[in-house]
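The chain contents come next:
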Amino acid sequence: MSPRFRAVPIALAVTMFVPACASRKEPPKPPDPTVPAQRAAQAWVHCLEQNGGACVSNHKEFASWDAYALLGWLATGSPTSILAGLRKELQHHRDEMSVQRRMIAVSDAAASELRGAECQTVDVMNFSDVIPKLDAAVRARMEYFGLLNGQMDSIIQGLVSEAKGDLNTGYFVTMECANEPYSAYVAAAEHDNHYIVAGMMLELPDYLGGSRTIRTRDTGALLPMRTGVSEATETSATEGTVHPWINIVVEEF
């Protein structure tokens, strides 16, 4: 057989072998969907370090975070402060300007602590996983104190629905810092095909596995999940009273 005819099967084998090698290449990994949220959180903290509350714009997503924060207050606040202040807190929550002012207050308070803290993102949780945990924590606590009646159930359902409205597709970004406060937790929500920060806190509450301080060291006052709350939600622990939640002097009890 002439060399001309022997080359045909060799060439055919080569052409069949090349696609087989190409097919074994691993397909490119899809981009991490949490990266934009992490970048938004990082940019937010950098902005706070420079400008504080001036970083706050007027976004409808703040209302979802405010609903989430209200649920957090129900999960951690004293029953007396909840009974005394819930109506006023719900009124504040319905006012868009009040919600924005709260966000500015939180940002100003956090800015002084975050300056020079050198915070970096280290973990991300889906809000679709976080909100049900908070819902369960609130209901368990209200039931424990005998406050889970029909009206309270409707309030909780409404707040959970609001929180899910803009946060459910977002992320709860955990940041660790080289200096105090050593941690920050930022809520990143979707907004016009990108992520914005809808809220933040500096301590992780226990229903998410944290060890958040419940009371201030100097006065024993309850620490809500946000700053700038109305006075009706605050409780004080005057030395010599019966209980931090019951401000009655021992002699008068």
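Before reading further, recall that the structure is shown in the block above.
*Asks:* Just checking my understanding: could you explain the sheet that holds strand E2 (residues 171-177) for this structure?
*Replies:* Through backbone hydrogen bonds, the strands of a sheet pair up, either in parallel or in antiparallel fashion. The 4 strands are arranged E1-E2-E3-E4 in an open sheet whose pairing can be described as antiparallel. For this open sheet the edge positions go to strand E1 (119-126) and strand E4 (194-201), each flanked by a neighbour on one side alone. The sheet shows a mean angle of 30° between the axes of neighbouring strands, taken without regard to direction. As defined by bridge partners, E2 adjoins strand E3 (residues 183-191) across 6 bridges and the pair is classed as antiparallel. Across the sheet, the residue bridging to Met175 is Ala184, located in E3. The strands touched by helix H5 (residues 96-114) within the sheet are E1, E3 and E4, with E4 carrying the most contacts at an inclination of about 80°. Taken strand by strand, helix H6 (residues 127-144) contacts E1, E2 and E3, and its axis lies near 75° from that of E1.

*Asks:* Help me understand helix H7 (residues 150-167) in this model?
*Replies:* Because an α-helix packs 3.6 residues into every turn, residues spaced three or four apart end up facing the same way. Over its 18 residues, H7 runs 26 Å from end to end, which matches the ideal 26 Å to within 8%, given 1.5 Å per residue. Next to the buried residues of H7 lie helix H3 (61-76), helix H4 (79-94), H6, E3 and E4. One side-chain oxygen at the N-terminal end of H7 lies 3.3 Å from the backbone nitrogen of Gln151; it belongs to Asn149.

*Asks:* How should I be thinking about the state of the cysteines in this particular structure?
*Replies:* Note on terminology: disulfide describes a covalent bond linking the sulfur atoms of two cysteines. The full count for this structure, using the stated rule, is 2 disulfides. Between Cys47 and Cys55 runs a disulfide, and the two sulfur atoms are separated by 2.0 Å. Its torsion about the S-S bond being -105°, the disulfide of Cys47 and Cys55 is classed as left-handed. With relative accessibility at 13%, the residue Cys55 sits in the buried group. Here Cys119 connects covalently by a disulfide to Cys177, the sulfurs 2.0 Å from one another. Looking along the S-S bond of the Cys119-Cys177 disulfide, the torsion reads about 95°, which is the right-handed sense. Residue Cys119 is located in strand E1, and its partner Cys177 is located in strand E2; the two are separated by 58 residues in the primary sequence.

Conventions used here
- Residues numbered from 1 in each chain as written.
- Predicted model: local features only at pLDDT ≥ 70, side-chain atom pairs only at ≥ 80, totals over all residues.
- Heavy atoms only, no water.
- Pairing = 2+ DSSP bridges.
- Helix = DSSP H or I, 4+ residues; strand = E, 2+ residues; numbered from the N terminus.
- Axes fitted to C-alpha atoms, helices over the stretch in contact; angles between N-to-C directions.
- Contact = heavy atoms within 4.5 Å.
- Expected span 1.5 Å × (residues − 1).
- Polar contact = N/O pair within 3.5 Å; in protein donor to acceptor, adjacent residues only side chain to side chain.
- Disulfide = S-S within 2.5 Å.
- Buried < 20%, exposed > 50% of the residue type's maximum accessible area, 1.4 Å probe, protein only.

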